[in-house]
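# Inside the fold
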Amino acid sequence: MVGELRYREFRVPLGPGLHAYPDELIRQRWGHNGHPEYQIRWLVLRRGEDGEGGSSQVDCKAEHILLWMSSDEIYANCHKMLGEDGQVIWPSQETAGEAGALDKSVLEEMETDVKSLIQRALRQLEECVGTMPPAPLLHTVHVLSAYASIEPLTGVFKDPRVLDLLMHMLSSPDYQIRWSAGRMIQALASHDAGTRTQILLSLSQQEAIEKHLDFDSRCALLALFAQATLSEHPMSFEGIQLPQVPGRLLFSLVKRYLHVASLLDQLNDSAAEPGAQNSSAPEELSRERGRLELEFSMAMGTLISELVQAMRWDWASSRQGPLARSSCSIFQPQLADAGLALPPTQAQSSLRRSRRFRPRSEFASGNTYALYVRDTLQPGMRVRMLDDYEEISAGDEGKFQQSNNGVPPVQVLWESTGRTYWVHWHMLEILGFEEDIEDMAEADEYRGAVGSGAQGVALPSWRWKPMAELYAVPYVLPEDEDTEDSEHLTQAEWWELLFFIKKLDGPDHQEVLQILQENLDGEVLDDEILAELAVPMELAQDLLLALPERLDDSALRDLLSCRVYRKYAPEALAGQPAYPSLLDAQAQPQESADAARVEAEEPPTQQCPRSPLRHLVEGYGPAGKIVLDLEQALSSEGTQESEVKSLLLLLRQQPQPFLVLMQSLDTPAANRALHLAVLRILMRLVDFPEALLLPWHEAMDACMACLRSPDADREVLQELIFFLHRLASASRDYAVVLNQLGARDAVSKALEKHLGKLDLAQELRDMVFKCEKHAHLYRKLTTNILGGCIQMVLGQIEDYRRTHRPINIPFFDVFLRYLCQGSSVEVKEDKCWEKVEVSSNPHRASRLTDRNPKTYWESNGSTGSHSITVHMRQGVLIRQLTLLVAGEDSSYMPARVVVFGGDSASSLNTELNSVNVMPSARRVVLLENLNRFWPVIQIRIKRCQQGGIDTRIRGLEVLGPKPTFWPVFREQLCRHTRLFYMVRAQAWSQDIAEDRKRLLHLSSRLNGALRQEQNFADRFLPDDEAAQALGKTCWEALVSPLVQNITCPDEDGVSPLGWLLDQYLQCREAAHNPQSRAAAFSSRVRRLTHLLVHVEPCEVPAAAGARRPNGRNRSHDWGSLATPGLPSSIVKNLTRCWQAAVEEQVNSFLTSHWRDDDFVPRYCEHFNNLQKSSSELFGPRAAFLLALQNGCAGALLKLPFLQAAHVSEQFARHIDQRIQGSRIGGARGMEMLAHLQRCLETVLIFSGLEIATTFEHYYQHYMADRLLSLGSSWLEGAVLEQIGPCFPHRLPQQMLRTLSTSEELQRQFHVYQLQRLDQELLKLEDTEKKIQETSGKEHVGERQEEAEEAGAAAAAEVTEEEEEENEDLFYEGAMPEVSVLVLSPRCWPTASICHTLNPKTCLPSYLRGTLNQYSNFYNKSQSYPVLEQGPQRRLQWTWLGRAEVQFGDQTLHVSTVQMWLLLYLNDLKAVSVENLRALSGLPADTLNQAIGLLTSSRGPLDLHEQKDIPGGVLKIRDDSEEPRPRRGNVWLIPPQTYLKAEDEEGRNLEKRRNLLNCLIVRILKAHGDEGLHVGQLVYLVLEAWQKGPCPPRALVSGLGRGSACSSTDVLSCILHLLGKGTVRRRDDRPQMLSYAVPVTVMEPHTESLNPGSSGPNPPLTFHTLQIRSRGVPYASCTATQSFSTFR
C-alpha cells in the first residue's frame, strides 16, 4: 500500500544539521511475535546553519530511510498516522473518482487494442528481413509505447508476450528497433519504482539474455536500472576510487541485485495481509517462509561474493583473516593508548615495557601522571612516546637527557630522528634502564596468555572481572550455551556451508549429498530438510575436506575466506598452503614483476639465454605451465584453435597466470623482450571470443602504467596501442574501462612525445572518448549497486535488532569487513613517512614538514646534486606527493624535478616521474595514485630557474592511502542505528510515562538491546573503532533519550526514576530478606542504575588536525595538560534525579525528627544509609556522592531559621559530648571516636550553607568551655582539620591558634621570671659587698648597725609596684605552677567578660606577684611585639579557668571560682555565701553552681543554712567520722552548659540575618537592573550596618552578641537570597548581582529589642592562668593545694 501523506510533527536528530521525519506509510506485515508491523519512509532533511526551519530548510526527498515500526512505536512517534481510535490510518486510495479517470468500457477497449498490437508487433518482427526495419513495425511499437504510458493499462503489459516482444526487439541488430524497445521500457517504468523493478527483473531473468544483447541494448537496460535505483539508494562515494567494472559483469550484478530485491519483497509480502495467516495452514506458511529465507540468503551470498570480486576487495586485502577483536564492551570508551594501528616498525618497539614503573592508564588524570614522571625519571633512562607531538611519533623510544623549567621541559635523545627533541612530561612512558625493561611477549607467555599466530593476545577481560562489577557490563558476559548445540553448527554456519554445496554441479553435488546422507542415516534430503539440518562438527569437517577439490577458483577463494572454514577446517588442511595460486594471488604477481625487474637490471652473462616468459611464470607450477602452453599454441604456424580454447577455459577457472602475464607490463622499460612477447600473446588472444570472458579489467592498470611510462620503448608502445585498439574494438566494455583509467590523456601524451608517429593511436583515443557517457553510466551503476547492497545490509541489521533472530546470510561478515576497512588501519596523511633526509644542510630538513610556507630548506652544493629522500612507512601507497615552491625565490626556485623510487637508498634506479616547474607555480604535484609500494622515494632537483645553483623548497606534502568506504558506511550505519533506537526509546518512554511500574522492566529491555549490539559487533565488526562507533551511536540514541525522559519531572514534580529511587530507599530494610518481593524489586533497580552509569565519561581528545608546533621547539602550548571534560548529559540527569530523591528523603526525616533528643545519631545513621544506597546503586562514583551531599544540603536549606539553628546546635552539642567522652579511653572511648567520625562526615555538608554560620556560633561556645575546662588535645586539631570548611569565619581555628600563641608567651614568661630572679639576687650580692667594704674600719657592732641602715635604704628605694611584683620572690613556701593563656575576644566568646577578677582582693600574695609579673611582661611584649603585630592591647583578668587543689590525699579539680572559695577558707573556718557574693561580685547563679559541687557528697565543704544569714554558711567538712579516708582525684568542675536555639540568643541571630537580608535587597533595588559587583555589595552592606541610617543603630545594638557582622555573614545571606530567587546573577558576568523578584523579607521585631543599649562593648583581651602549686598549706591541714587553669 502506497500513500502520499506527509507528517512533520516528529523530528529525530541524525547528526549535525540532519533530521528525520516520518513521511509515508509504505506497507504492513505481521512480525515474528504475531503483532503487525508497518514500514515507514522517513525523510532525511538538512537544515541551514541557523538551525531554524522555514527558508533555510532544504527538503532532500532523495534521502530517506525505510524503517519497520510496531504499533507502539507509531503511537509514540507518528501521532498523525493514527486515527481517533488509535489505529493506523492507511493512505486514501480513491483514485477512481479523480478527474480524467478512464471509463471501464473505454479501458476494456484499450486493453483489447494493446493485445492485438502486441500480437501484430511480434508477427512483423518475425517477418523483418534485412538491415532496415519496416515502417509498420516502427509505427506499431510507437503506438504501444504511447499505450504503455497510460497507468491503468500497466496490468496488460505484464503479459509474458510483452517480455518476448521486448527480448526480440532488444536483440535485434537494428539500432532503431532497439531504441524503440528502450522507449517502451521507459514508458512502462515511468509509473512507479515497483513496476520498473518488475520489468527489469523479468527481463534479466530471461534465459540467455546476455547472448542476445549487444553493447547498446545492455547499456539501455543498465541505464533504466540506474534510473530505478538512483532515488531508492542515494549514496555518494565521492573521493573514493571505484574499480573499473565492465558492462558484462555489471549486468550480472544487476541481475543478482534484482533477484535479491525481489526475494526480499516476497519475504515482506508473505504475510502482509492480516487474513493471510488464516488462508492456509500454519505449517505451510512456515515452510514457505523458510524456503524464501533460504533462497534469499543464498542469493544475497551470491551477490556479495560477486560484488567483492568486482570491487577487487579480495585482491586488495591480505588473505589472512582479521585478528579477533577482544570481547570488551563497545559502549565504554577505551583509553587512547599509543600503539593502536602502529606501523610494523613501531609494533616491535611497543612489545617492550617496564617491569617496575607505572603506566599512564593507572593514573586518574594527566596532571598526576606528569608529576609522577617528573619525580621518577632520571638521566639515562629509556622512555617511550605516548602521543604524536610535532616531529616525534607515538611509539618512538629514546633516552632521557635533562629537564628544566622551560616549555616543554623534557629533553630526550630520540632514536627515530637521531637527535634531541623537547616534549612534555605526560607524553612519556618510563621504560627505565635496560635491566628494568622486559619483552612483553615473553611476559605474556610467562603469564600463560596463549595466542595462535598473534603475539600478546590476552584472555578476554570479562572473564576476570571482580565481583564488584557484576552489574557493570552484563551484556558482555557469555550466555549459557547448550551442550548439545555447542557440538553442532549454528544455522548461520550451516547455511554458509550449504551455500558452497549448492555451488556444485552434477556429480560433485551428488557426491557431497551422499556424504550428508551417510552421516544422517540415509535420510532423503530435499531443500526443506537441508535448510533445517543440525550438522555435527565432525560432519562439517568432512565436508570442508571434500569441498575444496570440487570448487572452481572463484568459489574456492570465497571458501577460504569464509568464517566457517576458518573455524572448522581441519588443522591439516588449514595449515598447509594447498592452494598457493590463491593464497598468494596478490604477492606472487608482484614478486614475479620484481624478479623481472631485477633480471633486467643485472648485466648479461655468458649463461644460456632463457625465455623471459618462462622466467616470469616460474614458481607457479602447473598454473604457470598454462601460460607457456598458450604461448606455444599461439606461436605455432597453424594456430591450434581447440588447444587454445581448452587453455582459455582453464584460465577462466584459474585466472592468476593470465593476470601475471598482463601485470608484467608494469615493469621497467629494460624488459623490452618480455613486453613484446606478452603483447604478441595478448594480441592473438583477443581474436578468440572465449578470451573476452577473461578478467582483462583487473590488470588494465598495468597497460596504463606501461602507456604512461616516460622511458617506454617506441616499439613496445606501438604494440600496446595495437593491442588496446583491438581489445576495445572487440568489446566496447573495455573501451569504457580505458576511459575510466584516463587512457585518452595518456594516448595524447604518447602522441605528443612521439610526434604523432603511432599507428591507430588517434583512432584509439577517439574510440575511448566516445565512451565517456557509458563510463559515467558504469560509475553510476557501480555506485548504485554498492549503495543498494549497503542498504540491504542495513535492513538485515534492522531485522536482526527487531526480531532477535541471527543473520544467516553467507559472507555477511566478509562484506562488513571490507566496508569497515580503513576504520583503524588508515594512516594519517602526515604520518606516511618515517624520516626525511636531505643532501645538504640537514639541520634545516625539519622546515620541509613544518607546514609553514615562510620557512624553507636551502641546499648547499653544485648544480644537479640536490635531493630529498623520503623513507616511507611499510605498506603505505602514495596517493599524492607535492612540493611547495615560491616564485619570489627567483633563481633558487626549481625548474626541473625528477622522482626516483627504490627498495633502499642504494638502489634508487627506477624513474617514477619528471616534472618541469613553471616560474609561477606554487604547488608541484610529483606523484599521484601509485599502485606499488616504494620503500624509498628520492626527489632530485636537476635544474633551477635562471641557471641557479642552490635551491629552496618551501614544503613537502605526502598524502597516504586513498579514502576508504568506512566513512560512508559509518555515516549510514550510525544514521540507521540512531533512527531505530531513538524511535524505540520514544516508545519505551511513552510506555513508562503511562505506568511508572514498567520502569522495572527497562533493565531487561536495555540489557537485551545492548547485548544484541555487543554480540553483533563481536560477530561481524572487524576492529575496535567500528565497534566503538556503533556502541557510541547506540548509547546516545537509546540510553540518553531514555535517561532524559525518565529523569524529567511530571506534573507532580516527580520523575519516574525519582519515584523508583524513592521506593528503593523506602524498602531498603525489607530487602535484606532474599525471599521477599522487596529484594527482587531492589535487584531490578540496582541492575538498571548500574547499567545506566557504567559508561564512564572520558577526556575529549585533541583535534588531530591541529598541528601547532609546541614548546621551545616552536612555540608555547599550555593545553597539553588539559583537564577532563564534564560528565555526559546522562550522568548529569541521573545525578540530578538522585539529588532530588535524597533531598526528599532528608527533608521528610528533618520534618519528622528534628525535635528528637537522639536527632543527631539518627540523622547520621540515615545519612550513612543513604551513602550505602548510593554505593549500591551507582558504585563509588564521585558525581553521585556529590549529588548525595547536595541533596542533603538542599533539605537543610529548606528549614526555617530557628529549626536550622536548632539542628546546628544539636550537632555542635553532639560533637562536644563525643569529644569529651573520648577522653575516657578504653572500649567506650573508641566507640565515642567512631560516633564522632560518623558525625563529622555528616557535618561536612554544612560547608557553604547558611547553617554553617549558626553551627560555628554554637561550636565556638562549646569549644571554648571545653578547652578552658579540660584543656586542649590532639583531637581538637584533628576535628577542625576535617570539618574546617564548615566554619565560614574560621573562629575555632583562630582559637587554637591563640592557644599555641599563649603557650609560646608562657615559655617566654618563664625566661622572664628567671631573669627577674637573677636581677634581685644580683642586687642582694651588691648590697653584701658594700657591707663587707665598710666593716674593715669600724667596730663589729657598728658594722652591723650600718648594714642594717644600708639594707633599709636599699629597701626604701623599691617602689610600691615592685613590691607587689616581687611578692612571690620572697615567698618561703612551695610556689604553685601558674600558666597564663592570653585569649583574644575577636575569636573567643566573651559572654563572661563582664565578670572580671581583681587579683588584689581575691588572690593571695604569692599569686598576685605572678600575675603582676605577667602583666609587666605582656606590656613589654606589646611595646616590642615579636609574636604578633598589631595595636597595643591591655589585659583583663576573668573568673574563667580551672585549678587543681590538694586537699589531704585528694586532688580536687575545680574551677577558678571554686579555687578562690577554697583558698579563702584557708584563713577562715567559716564564711557566709552572702559575703562571698559581695566580695567577688559574681552573679548568684554562677556562685551557687560552684558552691553546689563543692558541697556535694564528693566535695570538701558543707553548707549550713541559718535563718539570720541568707544563703547559709560554708565550712570545711570534718572527715574524721568517715570509715576510710578519701584519696585520689575528684572532678568538681561545673559541667558543660548547653544553649538553646529557641532562646533569646537564637532569635537575635535570626534578626541579624533578616536585617542583613533587608539591607541587601534595599541596596540592590536602589541600583536597578544594572546591579552591583559582589565585592561592592558587601562593602556597602557593611558600611550601612556600621553607620546607618538603615538600619538604626538602636536596632543593631539591641542584638547584643549578634550585633557583630563580617563579610562572611553578608556573603552567607547573599547565597541564601540567591537560593530563594530574590537575587540573580548575570549569565555573561556571574560576579554581577541584581534584584530579581519582590519577595517578603522578614523584618526584625523592633519591639523585642533593647533600644537603650549603648552599643557593643569595646574589644578586650582576657587571659587564662594555669597554676600548679608546690606545697601551699590548706587550712589546718599540712597537705598542699595544686591549682589548674585560672583565668
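The structure presented is a predicted model; accordingly, all values stated were derived computationally and were not measured.

### Remarks on the overall build of the chain
Within the chain, the secondary structure is distributed over 61 helices and 36 strands. Residue burial in the chain is summarised as follows: out of 1687 residues, 50% are buried. In the chain, of all internal contacts separated by at least 6 residues, the share reaching a separation of at least 24 is 75%. About 81400 Å² of surface is accessible on the chain, with carbon and sulfur atoms providing 50% of the total.

### Comments concerning the pairing of strand S9 (residues 420-423)
The pairing of strand S8 (residues 410-414) with S9 spans four bridges and is classified as antiparallel. Along S9, the bridge assignment pairs valine 412 with tyrosine 421. Turn length for the S8-S9 hairpin, with the two strands adjacent in sequence and antiparallel, is five residues, and the turn residue glycine 418 shows positive phi of about 75 degrees.

### A word on helix H37 (residues 812-819)
For H37, a buried count of eight out of eight residues is recorded, marking the element as mostly surrounded by other parts of the structure. Of all the residues in H37, the buried ones are Phe812, Asp813, Val814, Phe815, Leu816, Arg817, Tyr818 and Leu819.

### A closer look at the pattern of salt bridges
This model, assessed by the stated rule, comprises 51 salt bridges. Among the salt bridges present, the one from arginine 29 reaches glutamate 37, with a minimum N-O distance of 3.0 Å. The same class applies to arginine 29 and to glutamate 37, which are both buried. Between glutamate 690 and lysine 645 there is a salt bridge, with the nearest N and O atoms lying 3.8 Å from each other. Of this pair, glutamate 690 sits in the loop between helix H30 (672-685) and helix H31 (700-708) while lysine 645 sits in helix H28 (residues 641-653), and the two are 45 residues apart along the sequence. A residue is classified by how much of its surface remains accessible, and lysine 645, at 33% relative accessible area, is partly exposed. The network of salt bridges with common partners includes Arg382, Arg384, Glu397, Glu415 and Glu429.

### A short note on the environment of glutamate 1304
Mapped onto the fold, glutamate 1304 is located in helix H50 (residues 1291-1334). Sequence separation between glutamate 1304 and leucine 1381 is 77 residues, and the spatial gap between their C-alpha atoms is 9.8 Å.

### Some details on the sheet that holds strand S29 (residues 1527-1531)
One open sheet holds the three strands; their spatial order is S24-S25-S29, and the pairing between them is mixed. Pairing within the sheet leaves two strands with one partner each, and these edge strands are strand S24 (1442-1447) and S29. Adjacent strand axes in the sheet meet at a mean angle of 15 degrees when their direction is disregarded. As judged from the six bridges shared by S24 and strand S25 (residues 1449-1455), these two strands associate in the antiparallel manner. Within S25, the residue paired with glutamine 1446 across the bridge is threonine 1451. Packing against the sheet, helix H55 (residues 1456-1464) makes contact with S24 and S25, and its axis sits at approximately 130 degrees to S25.

### Remarks on the packing of H55 against helix H57 (residues 1484-1494)
Closest axis-to-axis distance for the H55/H57 pair is 9 Å, and the angle between their directions is 65 degrees. Relative to H57, H55 is oriented so that their crossing is right-handed. Between H55, through Val1457, Gln1458, Leu1461 and Leu1462, and H57, the contact on the second element is made entirely by Leu1487, Ala1490, Ile1491, Leu1493 and Leu1494. Class assignment of the residues belonging to the contact of H55 with H57 gives a composition of eight nonpolar, one polar and no charged.

### Digging into the nonpolar core
If you look at the biggest cluster of nonpolar residues, it comprises 256 residues, and the most contacted ones within it are Trp42, Trp494, Trp1138, Phe1211 and Phe1255. At 13 residues, helix H36 (residues 772-803) tops the list of elements feeding residues into this core. Membership of the second largest hydrophobic core comes to 60 residues, among which are Leu651, Val660, Ala699 and Ala743.

### Topic: the packing of aromatic side chains
Each aromatic ring pair is specified by the distance between its two centres and by the angle formed by the two planes. Within this structure, the stated rule accounts for 30 aromatic pairs. Summarising the aromatic geometry, the rings of tryptophan 313 and phenylalanine 815 are spaced 6.0 Å apart at their centres and angled 50 degrees between planes, so their arrangement reads as tilted. With tryptophan 313 in helix H12 (residues 313-316) and phenylalanine 815 in helix H37, this pair connects stretches of sequence that are 502 residues apart. The class for tryptophan 313 is buried, based on a relative accessible area of 7%. Relative to tyrosine 372, the ring of tyrosine 369 has its centre 6.4 Å away and its plane inclined at 35 degrees; by these criteria the two rings are tilted. With tyrosine 369 and tyrosine 372 both in helix H14 (residues 366-376) and three residues apart, this pair spans about one turn of that helix. The class for tyrosine 369 is buried, based on a relative accessible area of 0%.

### Considering the sheet that holds strand S21 (residues 955-959)
Read across the sheet, three strands follow the order S18-S15-S21 without closing on themselves; strand pairing throughout is antiparallel. Of all the strands in the sheet, just strand S18 (923-928) and S21 have a single pairing partner and so form its edges. Taking the axes of each pair of neighbouring strands and ignoring which way they run, one obtains an average angle of 15 degrees across the sheet. Across five bridges, the pairing between strand S15 (residues 880-884) and S21 is antiparallel. In the strand pairing of S21, leucine 881 is matched with valine 958.

### Overview of a nonpolar patch on the surface
Together, Leu1317, Leu1321 and Leu1324 line one region of the surface with nonpolar side chains, adding up to about 250 Å² of accessible area. Along the polypeptide, leucine 1324 turns up in helix H50.

### Observations concerning unusual backbone geometry
One non-glycine residue, leucine 760, lies in positive phi territory at about 65 degrees. Structurally, leucine 760 can be placed in the loop between helix H34 (743-753) and helix H35 (761-770). Phi at histidine 804 takes a positive value of approximately 60 degrees, unusual for a residue other than glycine. If you trace the backbone, histidine 804 turns up in the loop between H36 and H37. A relative accessible area of 49% means that histidine 804 is categorised as partly exposed.

### Section: the confidence of the model for the chain
Averaged over every residue, the pLDDT of the chain is 75; residues scoring 70 or more account for 74%. Per-residue pLDDT, averaged within each element of the chain, yields its smallest value for strand S34 (residues 1672-1674) (29) and its largest for strand S19 (residues 936-944) (93). Long-range and interchain partners of residues 439-470, a stretch whose pLDDT sits below 50, account for 27 contacts in this model, where long-range means more than four residues apart.

### Structural notes on the environment of leucine 224
Position of leucine 224 among the secondary structure elements: in helix H8 (residues 215-230). Judged by relative accessible area, leucine 224 falls into the buried class, the value being 4%. In this structure, the C-alpha to C-alpha distance between leucine 224 and isoleucine 185, residues 39 residues apart in sequence, is 8.2 Å.

### Points about the pairing of strand S7 (residues 397-403)
A regular strand places its side chains on the two faces of the sheet in alternate fashion. Bridging between strand S6 (residues 382-385) and S7 involves three bridges; their strand directions are antiparallel. Note that in S7 the partner of valine 383 across the bridge is glycine 398. Inspection of the sheet shows S7 paired to S8 by five bridges, in the antiparallel sense. Note on S8: the bridge partner recorded for serine 403 is valine 410.

What counts, and where the lines are drawn
Residue numbers restart at each chain and count upward from 1, following the sequence in its written direction. For this predicted model, a pLDDT threshold of at least 70 governs which residues receive local features, and a threshold of 80 or more governs which side-chain atom pairs are given and counted, while totals over whole chains, interfaces and linings are taken from all residues. Values reported for side chains reflect all heavy atoms of the structure, with hydrogen atoms and water molecules removed beforehand. Comment: elements are numbered from the N terminus, with helices defined as DSSP H or I runs of at least four residues and strands as E runs of at least two. Classification of residues uses two cut-offs on accessible area relative to the type maximum, computed with a 1.4 Å probe and protein chains only: under 20% is buried, over 50% is exposed, and between them is partly exposed. Whether two residues are in contact is decided by their heavy atoms, any of which lying within 4.5 Å being enough. Methods summary: accessible areas were calculated by the Shrake-Rupley approach with a probe of 1.4 Å, and residue burial reflects only the protein chains presented. Here the rule is simple: two strands pair whenever DSSP picks up at least two bridges between them. Salt bridges are defined as contacts in which a side-chain nitrogen from Lys or Arg sits within 4 Å of a carboxyl oxygen from Asp or Glu. Between the N-to-C directions of two axes lies an angle of 0 to 180 degrees, each axis being a line fitted to C-alpha atoms and, for a helix, fitted only over the stretch in contact. Left-handed describes a crossing whose near helix is turned anticlockwise from the far helix by less than a right angle; the clockwise case is right-handed. Basically, the charged four are Asp, Glu, Lys and Arg, the nonpolar ten are Ala, Val, Leu, Ile, Met, Phe, Trp, Tyr, Cys and Pro, and anything else, Gly included, counts as polar. Here, the term nonpolar core denotes a set of buried Ala, Val, Leu, Ile, Met, Phe, Trp, Tyr and Cys residues that are joined through side-chain atoms within 4.5 Å. In summary, the pairing rule links any two rings of Phe, Tyr or Trp, Trp by its six-membered ring, whose centres are within 6.5 Å, and it sorts them by plane angle into stacked for under 30 degrees, edge-to-face for over 60 and tilted for everything else. Note on patches: the residues involved have over 30% relative accessible area and no salt bridge, like charges join within 9 Å, and the nonpolar side chains Val, Leu, Ile, Met, Phe, Trp and Tyr join within 5 Å. For every residue, the predictor reports its confidence as pLDDT, a number between 0 and 100.

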